[in-house]
6 protein chains.
Amino acid sequence: MPYVNIKITREGATQEQKAELIAGVTDLLRDVLGKNPATTVVVIDEIDTDNWGIGGESVTVRRARGS
Amino acid sequence: MPYVNIKITREGATQEQKAELIAGVTDLLRDVLGKNPATTVVVIDEIDTDNWGIGGESVTVRRARGS
Amino acid sequence: MPYVNIKITREGATQEQKAELIAGVTDLLRDVLGKNPATTVVVIDEIDTDNWGIGGESVTVRRARGS
Amino acid sequence: MPYVNIKITREGATQEQKAELIAGVTDLLRDVLGKNPATTVVVIDEIDTDNWGIGGESVTVRRARGS
Amino acid sequence: MPYVNIKITREGATQEQKAELIAGVTDLLRDVLGKNPATTVVVIDEIDTDNWGIGGESVTVRRARGS
Amino acid sequence: MPYVNIKITREGATQEQKAELIAGVTDLLRDVLGKNPATTVVVIDEIDTDNWGIGGESVTVRRARGS
């Protein structure tokens, strides 16, 4: 019954990679806490780099600077 | 003053249906808890089926299989 | 498969009222969008009034002033 | 280490305005709580006006009426 | 830089189990997407069973019935 | 009409500090985007250090090590 929300920057994660995240998190919750995979929900949000900040500036600015 | 976030898969909910969800949730909070509709906020997130997992796989994969 | 998060101030909602919210939201999503109740998840967060702000001040301060 | 999520309606916030929000929130957490800007994360979600409700109706409807 | 929020019912997850979830999700994001563990944030919310609904009823009611 | 959620570790933020966060974020949204303070909602979540991970380990473990 767990609910997991994964937020990442929108920088080209593929359908396959997102499927791996969904499977991996679901397995982890079964292995660590015995949670039933059938009712484990995973939602992935991909966020534009203009809309994600860390260190007081956007990821867009950091990427432009080479960080 | 409540805040409600509804997450659904992006599969064609219409403007009218979303308006019904907003009105329905707002009414429910007034009826059950006496919450003031004027300050009840509802946010609907529509999530791509690649980005929604249940049972360890994406909704895209489940839909393709006919689930 | 929807996921709904309801945030309210912690001001004495009873177990029965919370059950009504869960049932009501689940019914609404079935009626409006045909969503399967079996996989509709509802999570209610009750937030201390010190930690909820509206109009630039906490609900604690507003309640003390009679708002 | 704080995490801040800002949800606004999608009504034309510019890259510069979003950068100001990121910088401003990060500064606020440093000034008020001494939080380290280097690990303060800010995520801005811009929500379609059809998907944002207040007072039991969508912002789309309110804007059309002149509210 | 990812942010992950895991919501589970409050039913006795130990400090060790929560540490395993944090480490496991962080590893998964490094392995699948090459995300830097140093800036991966994981927040676990434990929710009272009265406040978690599935199938239109609370987990408290389901547990009492033996589900 | 914005909604802001601030998540911090539960490490003794006072009622006054939380009031400053609420006022500060509300002012920021008014100054940067012209948002109406009357309908700006701020919710602060304080998270146990066992339940907050960064760098693959909990804040509890990091604090014990002096980080």
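Bear in mind the structure is a predicted one, so any value in this text is a computation, not a measurement.

This brings us to the relation of the copies chain E and chain A. Take chain E, turn it by 180 degrees, move it 0.0 Å along the axis, and it overlays chain A with an RMSD of 0.0 Å. Look at the turn and shift together and you get a two-fold axis relating the two. No C-alpha of chain E lies nearer the rotation axis than that of E:Asn5, which sits 2.6 Å from it. Of the residues that chain E buries at the interface, 100% are likewise interface residues in chain A, meaning the two copies contact each other through the same surface.

Taken together, the contact pairs 15 residues of chain C with 12 residues of chain E. Roughly 1,100 Å² of surface becomes buried between chain C and chain E when both sides are summed, with 53% attributable to carbon and sulfur atoms. Joining chain C to chain E, the criterion identifies zero salt bridges. Linking chain C with chain E are seven residue pairs in polar contact (both at pLDDT 80 or more), by the criterion used here. Elements that contribute at least two residues to the side of chain C that touches chain E include exactly helix H1 (15-33) and strand S2 (41-47) of chain C. Here the side of chain C that touches chain E is built from residues that sort into nine nonpolar, three polar and three charged.

This part is about the packing of aromatic side chains. Each aromatic ring pair is specified by the distance between its two centres and by the angle formed by the two planes. Counted under the stated rule, the structure contains three aromatic pairs over all chains. Their ring planes at 5 degrees and their centres at 3.6 Å tell us that A:Tyr3 and C:Tyr3 sit as a pair that is stacked. Of the two residues, A:Tyr3 is situated in strand S1 (residues 3-9) and C:Tyr3 in strand S1 (residues 3-9); the pairing between them involves two chains. Accessibility classification places A:Tyr3 together with C:Tyr3 in one group, the buried group.

To continue, consider the relation of the copies chain C and chain E. Once chain C is rotated about the relating axis by 120 degrees and shifted along it by 0.0 Å, it coincides with chain E to within an RMSD of 0.0 Å. Taken together, the rotation angle and the small translation identify this as a three-fold axis. Closest to the rotation axis within chain C is the C-alpha of C:Asp45, separated from it by 5.8 Å.

A separate point is the interface of chain E and chain A. Residue-level contacts link 26 residues of chain E with 26 residues of chain A. Across the chain E to chain A interface the summed buried area is about 2,200 Å²; carbon plus sulfur atoms make up 76%. Where chain E meets chain A, there are zero salt bridges. Along the contact surface separating chain E from chain A lie seven residue pairs in polar contact (both at pLDDT 80 or more). Within the residue set of the side of chain E that touches chain A, elements represented by two or more residues are strand S1 (3-9), helix H1 (15-33), strand S3 (52-54) and helix H2 (59-65) of chain E. In terms of residue count, the dominant contributor to the side of chain E that touches chain A is H1(E) (nine residues). Counted by class, the side of chain E that touches chain A contains 16 nonpolar, five polar and five charged residues.

Turning next to the UniProt feature "domain: 4-oxalocrotonate tautomerase-like" (unreviewed entry) in chain A. In the UniProt entry, the feature "domain: 4-oxalocrotonate tautomerase-like" (unreviewed entry) is given for residues 2-61 of chain A. Secondary structure across residues 2-61 of chain A comprises 37% helix and 32% strand; the distance between its end C-alpha atoms is 35 Å.

This next bit is on the packing of helix H1 (residues 15-33) of chain B against H1(C). Close contact between H1(B) and H1(C) brings their axes to 10 Å; oriented N to C, the two are set at 160 degrees. Classified by the angle between their axes, H1(B) and H1(C) sit roughly antiparallel to one another. In terms of crossing hand, the pair formed by H1(B) and H1(C) is right-handed. Note on element contacts: H1(C) touches H1(B) through C:Gln17, C:Glu20, C:Leu21, C:Gly24, C:Val25, C:Leu28, C:Leu29, C:Val32 and C:Leu33, opposite B:Gln17, B:Glu20, B:Leu21, B:Gly24, B:Val25, B:Leu28, B:Leu29, B:Val32 and B:Leu33.

Between chain B and chain E there is no contact, and the shortest C-alpha to C-alpha separation is 14 Å. In this view chain A stays clear of chain F, with the nearest C-alpha atoms of the two still 14 Å from each other.

Each value, and the rule that gives it
- Residues numbered from 1 in each chain as written.
- Chains lettered and ligands numbered in written order.
- Predicted model: local features only at pLDDT ≥ 70, side-chain atom pairs only at ≥ 80, totals over all residues.
- Heavy atoms only, no water.
- Least-squares fit on C-alpha atoms with pLDDT ≥ 70 in both.
- Contact = heavy atoms within 4.5 Å.
- Buried area = accessible area lost by both parts, 1.4 Å probe.
- Salt bridge = Lys/Arg side-chain N within 4 Å of Asp/Glu carboxyl O.
- Polar contact = N/O pair within 3.5 Å; in protein donor to acceptor, adjacent residues only side chain to side chain.
- Helix = DSSP H or I, 4+ residues; strand = E, 2+ residues; numbered from the N terminus.
- Nonpolar A, V, L, I, M, F, W, Y, C, P; charged D, E, K, R; others polar.
- Phe/Tyr/Trp six-rings, centres within 6.5 Å; stacked < 30°, edge-to-face > 60°.
- Buried < 20%, exposed > 50% of the residue type's maximum accessible area, 1.4 Å probe, protein only.
- UniProt positions renumbered as here; feature names shortened; annotations may be inferred.
- Axes fitted to C-alpha atoms, helices over the stretch in contact; angles between N-to-C directions.
- Parallel < 35°, antiparallel > 145°, perpendicular 65-115°, else oblique.
- Left-handed = near helix turned anticlockwise from the far one by under 90°.

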